[in-house]
Amino acid sequence: MYNIHRFLRIKTFESDFFMTKSKNSANLDALIFNLSQCYTLPAEVLSNSDTMPIELDMGCGKGSFTTELAKRHPERIILAADMLSGRLRKLVSRNLRENVSNMRVLKAEARMLIARLLPDRALDRIHILCPDPWPKDRHSGNRLLSSNFMTHIHRVLKDDGVWHFSTDDQEYLAAVRKAVHASQLFKDEPERLSDIADVKTDFEVMWNEMGKEVYHHAWVKLPLPEVTIGH
């Protein structure tokens with residue numbers, strides 16, 4: 001016999017569960033700067049950056065690396081940026097549990113944030129870790145780290161600022177290193193990662209467990225090359 005009371009209890013439970021989940025998501029979203037429809041950067045994102053060093057983890061994912069970075073450097077502002085709301089909510093939840101207060105979490109697309117929204121000389125260090133290498137030739141145009149994008153990285157870094165890059169894909173690594181060398185915009189300084197040499201992203205942990213090595217590079221911003229005009 002159909003039990004209407006049991007049915008109603010189940011539906012009430014489901015309704016309460018989804019209402020609670022929705023409320024929790026809204027509370028977490030309130031702690032995320034949603035820049036997906038912005039064409040100017042809210043002033044709050046960079047507030048106090050005139051007195052505190054500032055770093056950006058671009059494509060932070062669930063943010064294990066980012067949270068550890070913020071905990072190691074409470075004297076710095078840490079920007080964490082990604083496009084996926086679920087990942088960002090997990091990061092915000094972790095920060096609340098671990099009392100991390102020096103991080104600003106951004107929902108933002110990489111090209112828009114770095115090429116359009118961030119002002120000149122805004123960052124002391126930028127981390128672009130394990131980006132999608134798009135290994136197939138027909139997809140190579142989707143790669144984030146094109147020569148053009150490197151000029152934007154150079155623009156948003158402060159003088160002597162650091163660009164931290166990692167990948168498990170050797171072909172992608174070779175292509176990026178070749179483009180960096182040709183640009184004359186950066187120089188190698190691997191020692192600039194000594195403070196975080198033991199900190200891994202969630203993706204790096206996964207690749208290591210699969211037996212893959214992840215390669216890290218640190219490049220430091222150089223002055224723009226002099227432009228000479230021939231006669």
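Residues numbered from 1 in each chain as written. Predicted model: local features only at pLDDT ≥ 70, side-chain atom pairs only at ≥ 80, totals over all residues. Heavy atoms only, no water.

Visitor: I would appreciate a short explanation of the confidence of the model for the protein in the present structure.
Guide: Reading fine detail from the predicted coordinates is not recommended where pLDDT is low. Per-residue pLDDT for the protein has a mean of 86; in total, 81% of the residues score no lower than 70. Confidence drops under a pLDDT of 50 for residues 10-21, and excluding neighbours within four residues, the segment shows zero contacts in the predicted structure. (pLDDT = per-residue confidence, 0-100. Contact = heavy atoms within 4.5 Å.)

Visitor: What is the right way to read the environment of Arg155 from this model?
Guide: Counting through the fold element by element, Arg155 comes out in helix α5 (residues 147-156). Dropping the residues within four chain positions of it, Arg155 is found in contact with Ile114, Ala115, Arg116, Leu118, Pro119, Asp120, Arg121 and Lys221. In this structure the side chain of Arg155 is engaged in a polar contact, spanning 2.9 Å, whose partner is the backbone oxygen of Leu118. (Helix = DSSP H or I, 4+ residues; strand = E, 2+ residues; numbered from the N terminus. Polar contact = N/O pair within 3.5 Å; in protein donor to acceptor, adjacent residues only side chain to side chain.)

Visitor: Would you take a moment to explain the layout of surface pockets for this structure?
Guide: The method is simple in principle: a probe with the dimensions of a water molecule rolls over the atoms, and the space it marks as empty is what remains. Of the pockets and cavities examined, the second largest pocket occupies roughly 210 Å³. As for the second largest pocket, its lining consists of Asp120, Arg121, Thr151, His154, Arg155, Asp159, Asp160, Leu185, Lys221, Leu222, Pro223 and Leu224. Every element with two or more residues in the lining of the second largest pocket is listed here: α5 and β6 (157-167). In terms of residue count, the dominant contributor to the lining of the second largest pocket is α5 (three residues). (1 Å grid on protein atoms, 1.4 Å probe; cavity = no way out; pocket = protein on both sides within 12 Å on 5 of 7 lines; lining within 4 Å. Points joined across faces, edges and corners; volume = space filled by probe spheres on them.)

Visitor: Even after reading the chapter, I still don't get helix α4 (residues 110-117), so can you show me in this structure?
Guide: Structurally, the α-helix is built with 3.6 residues per turn, so residues lying three or four positions apart point the same way. Of all the positions in α4, only Ala110, Leu113, Ile114 and Leu117 are classed as buried. What you see down the axis of α4 is that its buried residues fit within an arc of 125°, all on one side. The backbone nitrogen of Arg111 lies 3.0 Å from a side-chain oxygen of the residue at the head of α4, namely Glu109. (Buried < 20%, exposed > 50% of the residue type's maximum accessible area, 1.4 Å probe, protein only. Arc of directions from axis to C-beta.)

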